[in-house]
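Next come the chains, spelled out residue by residue.
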Amino acid sequence: MKDQAWLPLQDLSVYGSWGVALLLTVVLWWLAKKKVGFGTRVLLAMVFGFGIGALFGKDAVDVGILGSIYVSLIKMVVMPLVFSTIITSITSVKDLNVLKKLGTKTIAIFLITTAIAATIGIGVAVVVDPGAGIAQSTDAAKDFEAREIPTFKQVLLDLVPSNPVNEMATGKVVPVIIFAFFIAIAITWEGGRHPERVEPVRSFFQSFSHIMFRVTKIIIRLTPYGVLGLVTSMAAKYGLETLKELAWFIAAVFIACLIHMVVTYGLLVTFVARVNPLRFFKKAYPTIAVAFTTRSSYATLPVNLEVITKRMKVSERVASFVAPLGATINMNGCGGLYPAIVAVFVAKVFGIELGITDYLLIIAVATLASVGVAGVPGPASISTTVVLVQAGLPLEGFALVLGVDAIVDMARTAVNATGTTVASLLVGNSEGEFDREAFNNEPDEDIGIGQERNVRGNGAVTAG
């Protein structure tokens, strides 16, 4: 009888969570009508989500369907968007040597910043000491099953496109990017000899990329509602009890991410791009907010492309080249900071002393692994596994932090996405495809409010 009496109350709680969620969805829609900034609405959606999850607990988990729908729509648009923008970007470069320079600079920035991130991660972990007081013998460690590290041969085979259509369907971004590279280079090469043959194809991809940007704009407008669902589901699954024991570990990750964002990125945009860092972070805010709340570099890619071109005033050609690559292989947070902190954490928990040689090994392996696992699902887990194995640390220790993975993933994804924005600005500045005057003087365009994009003949973007 007691169970039967409880069921209506339980149903009432479930319906209550949905009722509050729908009410707050209407509030977000109303704020959009009132032209409240996109980043502000995303942040409010995150706050609303945490509130619903904390208030209703497990009964609010199903509200996450709003987030699942949003993520599915993002997945729908990512592949055609990446494919068309990569081809359009490369075919707009007449000189293949310029293309080589773009690729070299982009990958160099990704690797250098990842190495710096790993160094910061080690430094913060040593100071904060997140493993102090954590017990070794937990059920999580006993039941832990390590993910298999792909062999070097398998990594290479996975990167090479064998069936582009199938790889698009299964979400393998790297092979699709490589396939797009081949198509674009072939168009450029053939166009140098017989322009009339490739012009219809070139025009098709230019038109298709504009159509995909329009579809992307529509989906971007749904971001606050998707964030509401995603954060509600996460807050409902992970209560305060999960956070207490690993509070210092969470703090270490967030502190390291903040230092990397403010110091590394701040110094790069100040002294290399020579722009005001406060202005940069203000312009990058939509990217940071979406990355933090969705925990997905791919979900952030459409927003980041808009931010880079509309707010950073970097040419569409550079943005279309750097941003898709960054969403795939730029893992300052997931591949640099996080594995380094986990390595120090595990060493502390298991009473293993690490020396300077061990720290240098962790930095080197984390940097190389961040690129080596590109395209592998769950790159943070794979990168961390590689680092722990190469450093000779107990892999079981990784299980101790998996319970808060969703929490720290917000910070490390924000670092990843912002790093891509920084790289785009640096590359655009070095290639003369950054409109400094517009960056400094034009008001920031809001993302997802329906403004237009006009492309000049040289590939630069202006607000319409």
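Structure: see above.
A quick note: this is a predicted structure, and the numbers were derived from the prediction, not measured.

Calculation notes
Residues numbered from 1 in each chain as written. Predicted model: local features only at pLDDT ≥ 70, side-chain atom pairs only at ≥ 80, totals over all residues. Heavy atoms only, no water. Salt bridge = Lys/Arg side-chain N within 4 Å of Asp/Glu carboxyl O. Helix = DSSP H or I, 4+ residues; strand = E, 2+ residues; numbered from the N terminus. Buried < 20%, exposed > 50% of the residue type's maximum accessible area, 1.4 Å probe, protein only. Patch = residues over 30% accessible without salt bridge, like charges linked within 9 Å, V, L, I, M, F, W, Y side chains within 5 Å. Areas by Shrake-Rupley, 256 points an atom, 1.4 Å probe, with all protein chains shown as cover. Core = buried A, V, L, I, M, F, W, Y, C linked by side-chain atoms within 4.5 Å. Contact = heavy atoms within 4.5 Å. Polar contact = N/O pair within 3.5 Å; in protein donor to acceptor, adjacent residues only side chain to side chain. Expected span 1.5 Å × (residues − 1). Bend = angle between axes of the 7 residues up to and from the residue. Phe/Tyr/Trp six-rings, centres within 6.5 Å; stacked < 30°, edge-to-face > 60°. Lys NZ or Arg CZ within 6 Å of the ring centre and 35° of its normal. Axes fitted to C-alpha atoms, helices over the stretch in contact; angles between N-to-C directions. Parallel < 35°, antiparallel > 145°, perpendicular 65-115°, else oblique. Left-handed = near helix turned anticlockwise from the far one by under 90°. Nonpolar A, V, L, I, M, F, W, Y, C, P; charged D, E, K, R; others polar. Disulfide = S-S within 2.5 Å.

Engineer: Residues and numbers for the pattern of salt bridges, please.
Structural biologist: In the structure shown here, the tally under the stated rule is 11 salt bridges. Between R295 and D409 there is a salt bridge whose closest N-O contact spans 3.2 Å. Here R295 is found in the loop between α13 (277-294) and α14 (297-311), whereas its partner D409 is found in helix α19 (residues 405-430), with 114 residues between them in sequence. On the basis of relative accessibility, which here comes to 9%, the residue D409 falls in the buried class. Where E433 meets R317, a salt bridge forms, and the shortest distance between an N and an O atom there is 2.3 Å.

Engineer: Give a detailed account of a nonpolar patch on the surface, specifying residues and quantitative values.
Structural biologist: Taken together, the side chains of I255, L258, I259, V262, V263, L267, F271 and V272 define a hydrophobic patch exposed on the protein surface, amounting to about 720 Å² of accessible area. Positionally, L258 belongs in helix α12 (residues 247-272).

Engineer: Talk me through the nonpolar core; I want residue IDs and the actual numbers.
Structural biologist: Counting 132 residues, the largest nonpolar core has F249 and Y338 as its most contacted members. Top contributing element to this core by residue count: α19, with 13 residues. Beyond its immediate stretch of four places on either side in the chain, Y338 contacts F249, V253, G333, A380, T384, F398, V401, D405, V408 and R412.

Engineer: Which residues make up the side chain of T309, and what are the values?
Structural biologist: Considering the arrangement of structural elements, one finds T309 in helix α14. One polar contact links the side chain of T309 to the main-chain carbonyl oxygen of L305, over a distance of 2.8 Å.

Engineer: Describe in detail helix α16 (residues 332-349), supporting the description with residues and values.
Structural biologist: The end-to-end C-alpha separation of α16 is 25 Å, in line with the 26 Å expected for 18 residues at 1.5 Å each. Along α16, the helix axis deviates most sharply at Y338, where the bend reaches about 30°; the proline P339 sits within four residues downstream. The buried fraction of α16 amounts to 17 of the 18 residues, a majority that puts the element mostly inside the structure.

Engineer: So what's going on with the environment of R202? Residues and values would help.
Structural biologist: With respect to the helices, strands and loops of the structure, R202 is situated in helix α9 (residues 195-220). Along the chain, R202 and T91 lie 111 residues apart, while their C-alpha atoms are 7.4 Å from each other.

Engineer: Provide a residue-level description of the packing of aromatic side chains, including the pertinent values.
Structural biologist: Evaluated as defined, the whole model comprises 10 aromatic pairs. Their ring planes at 70° and their centres at 5.5 Å tell us that F434 and F439 sit as a pair that is edge-to-face. With respect to class, F434 is no different from F439; both count as buried. Joined through ring pairs, the aromatic side chains of F83, F179, F204, F205 and F208 make up one cluster. Across the ring face of F439, the terminal group of K283 is positioned such that the distance to the ring centre comes to 4.9 Å. Here the guanidinium or amino end of R412 rests over the ring plane of Y338, the centre of that ring lying 4.3 Å away.

Engineer: Can you lay out the packing of helix α3 (residues 65-91) against α14 for me, pointing to particular residues and giving the numbers?
Structural biologist: At a minimum axis distance of 8 Å, the contact between α3 and α14 shows a crossing angle of 60°. In this view, α3 runs oblique relative to α14, as classed from their interaxial angle. Crossing angle aside, the handedness with which α3 passes α14 is left-handed. Between α3, through Y70, I74, V77, V78, L81 and V82, and α14, the contact on the second element is made entirely by Y298, A299, L301, P302 and L305. Grouping the constituent residues of the contact of α3 with α14 by class yields 11 nonpolar, no polar and no charged.

Engineer: Could you give an account of the environment of T40, with specific residues and numbers?
Structural biologist: By the element assignment, T40 lies in helix α2 (residues 38-56). A residue is classified by how much of its surface remains accessible, and T40, at 39% relative accessible area, is partly exposed. Taking C-alpha positions, T40 is 8.4 Å from P286, a pair spaced 246 residues apart along the chain.

Engineer: Give me the lowdown on unusual backbone geometry, citing residues and values where you can.
Structural biologist: The phi dihedral of K35 falls on the positive side, at around 65°, and the residue is not glycine. One can find K35 in the loop between α1 (2-33) and α2. The class for K35 is exposed, based on a relative accessible area of 59%. Of note, the phi angle at K313 is positive, near 65°, even though the residue is not glycine. Locating K313 in the fold gives a position in the loop between α14 and α15 (316-329).

Engineer: So what's going on with the state of the cysteines? Residues and values would help.
Structural biologist: In the structure shown here, the tally under the stated rule is 0 disulfides. With no disulfide partner, C257 has as its closest neighbouring cysteine sulfur the one in C334, 8.8 Å distant. Looking at C257, the relative accessible area reads 4%, which means it is buried. Overall, the relative accessible area of 6% leaves C334 in the buried class.

Engineer: Run through the packing of α12 against α16, naming residues and quoting values.
Structural biologist: Between α12 and α16, the shortest axis-to-axis distance is 10 Å and the interhelical angle comes to 135°. Compared by their axis directions, α12 and α16 come out oblique. Pair α12 / α16 crosses with right-handed handedness. Of the residues in α16, those touching α12 at F249, A252, V253, A256, C257, H260 and Y265 are N332, L337, Y338, I341, V342 and F345.

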